[in-house]
Amino acid sequence: MGGGHAPGDTSHGDRGHAHHDAPYEPVFVGAVKDELTEILGRYPTKMAALLPALWIVQRERGWVSDSAMAEVAQLLDLTPAYVKGVVTFYTMYHQHPVGKYFVQVCTTSPCGACGAEKVVEAFLKHTGCGELGATSPDGRYTVIEVECLGACGFATPVMINEEFIESVTADKVPELLTQLP
Amino acid sequence: MGYPHTSHPKETPVLSQYFGDPGARSLDGWKQRGGYRALEKALGMSPADIVNEVKESGLRGRGGAGFPTGVKWSFMKPGDGKPHYLCVNADESEPGTFKDREIMRWTPHALIEGAAIGAYAIGAETCYIYIRGEFTEPLRVMNAAVKEAYAAGVIGPNAMGTGKRIDVHVHKGAGAYICGEETALMNSLEGKRGNPRIKPPFPAVAGLFGKPTTINNVETLAAVPHILNRGAAWYKGMSRGNPKSTGTKLFSVCGNVAKPGNYEVEMGFPFKEFLYELCGGPLPGRRFKAIIPGGSSVPIQTVEEAEATVMDYEGFIAQGTMLGSGGVIVFDDSQCMVKHIARLARFYAHESCAQCTQCREGTAWTTRILERIERGHGTMADLDTLLELADQMTGKTICVLSDSCAAPIVSGIKKFRSEFEAHITGKRCPMGATAAA
Ligand SMILES: Cc1cc2nc3c(=O)[nH]c(=O)nc-3n(C[C@H](O)[C@H](O)[C@H](O)COP(=O)(O)O)c2cc1C
Ligand code: SF4
Ligand code: FES
């Protein structure tokens with residue numbers, strides 16, 4: 001929020017730029033466009049479909065580029081600057097490409113009391129990411145620390161993409177990683 | 001049933017009865033377990049009668065503030081010619097709290113049923129369930145359940161065949177603790193940044209899309225079908241003698257405790273018995289040191305205070321804290337309180353929406369000072385500065401996130417001052433949590 005980016009967001013700068021050269025292909029065509037139309041029917045304003053539309057972009061493209069923000073802005077009668085202001089407010093929209101596996105580890109106090117820091121260390125070590133927010137050289141992993149995931153009794157919860165894994169301990173990390181396709 | 005442990009005989013499982021029972025998830029399974037009878041009954045009653053029944057039950061909001069639910073509903077005026085909305089607050093992001101998650105994962109139709117009854121009672125045709133984006137499994141389960149409920153005609157343009165329209169939509173959040181604050185949630189739903197609004201106007205006058213709106217927590221709404229099925233008197237009877245705190249409450253328990261998980265007990269249950277019997281006490285060889293009983297935003301209790309507490313709204317206040325969201329965080333004697341209080345301050349600094357100066361500056365500044373003390377670089381004067389800042393952060397901002405950051409700092413310094421002083425005089429963490437750099 002205030003400064004609510006994942007630490008190390010800037011480390012993706014290079015990879016982000018690589019995408020600017022190819023011509024932009026719109027996200028909302030065909031079935032995806034229909035999906036948005038259905039969503040618009042749930043709300044009395046177009047603006048209310050903004051978060052759902054951004055989720056669709058991220059599902060289709062893996063991240064939310066400036067061009068995609070412009071596309072969403074046009075579809076919902078908003079300005080690109082407005083859309084960017086919303087995107088940057090929330091922590092879950094990626095403004096840069098991330099690794100194939102985006103790993104989020106909760107380190108808020110309750111999990112911290114149960115060894116979350118060691119889990120983070122284990123992920124950084126075994127993924128080859130080295131530091132928080134950086135993507136591993138093979139492009140497979142990005143690891144970040146996040147605030148309470150709402151599963152504090154199952155310390156330490158970890159999210160890998162859409163997968164929510166409970167009760168992760170440092171020693172379980174290597175096996176978890178080898179199970180990923 | 002229980003989850004992840006089996007129910008303790010001293011629990012009173014009402015909401016948690018089917019936790020861990022995958023058969024309860026489907027519409028058919030839910031109906032076999034008595035589901036949707038309350039909705040059918042409700043749609044045959046007048047909205048005013050439902051509101052009165054809920055008022056009579058004594059049910060209070062389970063999202064943190066404990067406002068009487070029936071009274072909140074009575075602020076809505078059905079038939080005023082305006083669209084009304086019901087928002088379900090499923091943003092559950094308060095550190096220590098993970099009960100709404102279990103309600104949605106195991107009994108999605110309990111929430112849909114409670115929400116549909118609530119919507120009808122306040123004259124709303126549309127209900128939005130705002131679920132935090134990180135809750136991927138609850139989102140999947142809720143989306144599937146809503147789809148099923150539409151297909152069966154339980155909700156939709158002709159809910160339960162009564163000709164009444166009740167639409168229910170799941171809305172996915174995108175990562176922001178502040179969106180659990182009711183007006184921030186409404187802004188977020190409208191496609192805006194999740195900044196809390198200045199009140200008044202209150203949501204019942206101008207809420208979502210500027211229209212009269214009620215917002216309720218998941219657990220609050222999940223209790224409503226039981227109240228309609230079994231009556232207000234039955235619900236009120238589940239309390240240990242305090243008529244202001246009635247019914248059962250789900251407490252999420254985490255941290256350094258033998259059996260973390262959710263426990264459902266009658267209001268007024270003794271906290272000591274709860275911690276040592278139900279939750280299994282401390283881990284082997286350890287002793288409890290500090291308890292935050294209502295999610296990270298309430299004052300920290302010493303073990304002595306916790307052991308003297310009865311678990312209801314008034315009982316927690318009598319022992320210097322609040323029931324809050326019912327997220328019980330336990331720290332044992334292996335933990336450094338300075339480190340945890342610093343980490344909690346960092347949480348609030350990260351989550352501040354930054355529109356109020358006292359909050360934006362206060363959360364960041366207190367975090368810096370606390371982390372400095374933790375590293376062994378603090379001074380005694382820092383403790384006074386922290387208390388002064390905390391005072392500036394309390395009661396002066398648009399929402400209470402700022403106050404929530406101050407609560408553990410003030411109570412922490414008051415009750416664990418010797419740990420702060422040991423960091424300052426010894427120039428390092430005495431527990432070795434952080435060596436002096
Ligand atoms: C910073 C902040 C975060 C909050 N987060 C939540 C939350 O995640 N879930 C919730 O139900 N209430 C949360 N609340 C409380 C809501 O503002 C509101 O009181 C509640 O949803 C009302 O529902 P109830 O009357 O059923 O409790 C939060 C409040 C604040 C100030
Ligand atoms: S108190 Fe903090 S979180 Fe609440 S509105 Fe003000 S700046 Fe935002
Ligand atoms: S503190 Fe880690 S999930 Fe809540």
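Residues numbered from 1 in each chain as written. Chains lettered and ligands numbered in written order. Predicted model: local features only at pLDDT ≥ 70, side-chain atom pairs only at ≥ 80, totals over all residues.

Peer 1: Mind showing me how you'd approach the overall build of chain B here?
Peer 2: For chain B, the helix and strand inventory stands at 18 helices and twelve strands. Dimensions of chain B, computed from the C-alpha atoms along their principal axes, are close to 70 × 45 × 35 Å. Counting only residues that meet the buried cut, chain B has 58% of its 437 residues in that class. Partitioning the contacts of chain B with sequence separation of at least 6, the portion at a separation of at least 24 is 71%. (Helix = DSSP H or I, 4+ residues; strand = E, 2+ residues; numbered from the N terminus. Buried ≥ 20, exposed ≤ 12 C-beta atoms within 10 Å, placed from the backbone. Contact = placed C-beta atoms within 7 Å.)

Peer 1: Looking at this structure, how should I read the overall build of chain A?
Peer 2: Assigned secondary structure in chain A consists of eight helices and four strands. Traced from its N-terminal end to its C-terminal end, chain A shows the element sequence α-α-α-α-α-β-α-α-β-β-β-α. Per-residue burial over chain A gives 44% buried out of 181 residues. When contacts within chain A are restricted to residue pairs at least 6 apart in sequence, those whose partners lie at least 24 apart make up 61%.

Peer 1: Can you walk me through the environment of B:Asp333 in this structure?
Peer 2: All names here are of chain B. Within the secondary structure, aspartate 333 is located in the loop between strand 12 (327-332) and helix 14 (337-351). A C-alpha to C-alpha distance of 59 Å links aspartate 333 and glycine 161, two positions 172 residues apart in sequence. Sequence-distant contacts of aspartate 333, that is, excluding residues within four places in its chain, are made with Arg286, Arg287 and Lys289.

Peer 1: Where do I start with the confidence of the model for chain A in this structure?
Peer 2: Low pLDDT means the predicted atomic positions in that stretch should not be read closely. On average, chain A scores 91 in pLDDT, and the residues at 70 or more come to 88%. Here residues 1-18 of chain A scores under 50 on pLDDT; set against residues more than four positions off or in separate chains, the count is 35 contacts. (pLDDT = per-residue confidence, 0-100.)

Peer 1: Quick question: what am I supposed to make of the sheet that holds strand 1 (residues 101-106) of chain A here?
Peer 2: Consider a sheet: its strands pair through backbone hydrogen bonds, and that pairing is either parallel or antiparallel. All names here are of chain A. If you trace the four strands from one edge of the open sheet to the other, you get 2-1-3-4, paired in mixed fashion. Lying at the two open borders of the sheet, with one neighbouring strand each, are strand 2 (141-146) and strand 4 (163-165). Sheet twist, expressed as the mean angle between neighbouring strand axes with direction ignored, is 20°. Pairing of strand 1 with strand 3 (residues 158-160) involves three bridges; the strand directions are antiparallel. When the sheet's bridge partners are listed, valine 103 is paired in strand 3 with isoleucine 160. (Pairing = 2+ DSSP bridges. Axes fitted to C-alpha atoms, helices over the stretch in contact; angles between N-to-C directions.)

Peer 1: Is there a simple way to think about the domain arrangement of chain B in this case?
Peer 2: The extent of an interface is frequently quoted as the accessible surface area lost upon association of the parts. Residue and element names in this part refer to chain B. Per the domain assignment, the segments of chain B are domain 1 (22-237), domain 2 (248-332) and domain 3 (337-426). Domain 2 and domain 3 are separated by 23 Å when their C-alpha centres are compared. Looking at the side of domain 2 that touches domain 3 residue by residue, the class counts come to six nonpolar, three polar and no charged. (Domains from an automatic or database assignment. Nonpolar A, V, L, I, M, F, W, Y, C, P; charged D, E, K, R; others polar.)

Peer 1: Where do I start with the site of ligand 1 in this structure?
Peer 2: Residue and element names in this part refer to chain B. Surveying the vicinity of ligand 1 reveals 22 residues, the closest of which are Gly61, Gly63, Gly180, Asn217 and Thr220. Partitioned by chemical class, the residues of the shell around ligand 1 number seven nonpolar, nine polar and six charged. Domain assignment of the residues forming the shell around ligand 1 places at least three in each of domain 1 (22-237) and domain 3 (337-426). (Near = placed C-beta within 6 Å.)

Peer 1: Explain the sheet that holds strand 10 (residues 301-302) of chain B to me, please; I cannot follow it from the model alone.
Peer 2: Residues and elements named next belong to chain B. The sheet built from five strands is open, its strands ordered 7-6-12-9-10 with mixed pairing. Two strands close off the open sheet at either side, each with one partner strand: strand 7 (261-266) and strand 10. Pairing between strand 6 (residues 248-255) and strand 7: six bridges, direction antiparallel. Note on strand 7: the bridge partner recorded for lysine 249 is valine 265.

Peer 1: Any chance you could explain the nonpolar core here in plain terms?
Peer 2: A general tendency of soluble globular proteins is for nonpolar side chains to be buried together. Grouped together as the largest cluster of nonpolar side chains are 183 residues, with contacts concentrated most on B:Cys87, B:Val88, B:Ala115, B:Ala116 and B:Ile129. Not counting the four nearest positions on each side in its chain, B:Ala115 is found in contact with B:Leu86, B:Val88, B:Cys127, B:Ile129, B:Val168 and B:Leu221. (Core = buried A, V, L, I, M, F, W, Y, C linked by C-beta atoms within 7 Å.)

Peer 1: When you look at the pairing of strand 3 (residues 156-159) of chain B in this model, what are you seeing that I'm missing?
Peer 2: Residues and elements named next belong to chain B. The sheet contact formed by strand 3 and strand 4 (residues 164-172) spans two bridges and is antiparallel. Looking at the pairing, alanine 159 lines up with lysine 164 of strand 4. The turn joining strand 3 and strand 4, which pair antiparallel and follow one another in sequence, is formed by four residues; a positive phi near 55° is taken by methionine 160.

Peer 1: For this particular structure, what's the right way to read the site of ligand 2?
Peer 2: All names here are of chain B. As a structural note, the neighbourhood of ligand 2 is formed by 14 residues, with Cys353, Cys356, Cys359, Thr397 and Cys399 the closest of them. The set of elements that each furnish at least two residues to the shell around ligand 2 consists of helix 15 (357-374) and helix 17 (401-415). Here the residues of the shell around ligand 2 sort into nine nonpolar, four polar and one charged.

Peer 1: What is the right way to look at unusual backbone geometry in this model?
Peer 2: Trans is the common state for peptide bonds, and a negative phi is the common state for residues other than glycine. Put simply, B:Lys199 and B:Pro200 share a cis peptide bond, and its omega is -5°. Inspection of the secondary structure assignment puts B:Pro200 in the loop between helix 8 (182-189) and strand 5 (213-217). In the segment running from B:Pro200 into B:Pro201, the intervening peptide bond is cis, with an omega of 5°. As for its placement among the helices and strands, B:Pro201 is situated in the loop between helix 8 and strand 5. You will see that A:Asn161, though not glycine, has its phi angle at about 50°, which is positive. Locating A:Asn161 in the fold gives a position in the loop between strand 3 and strand 4.

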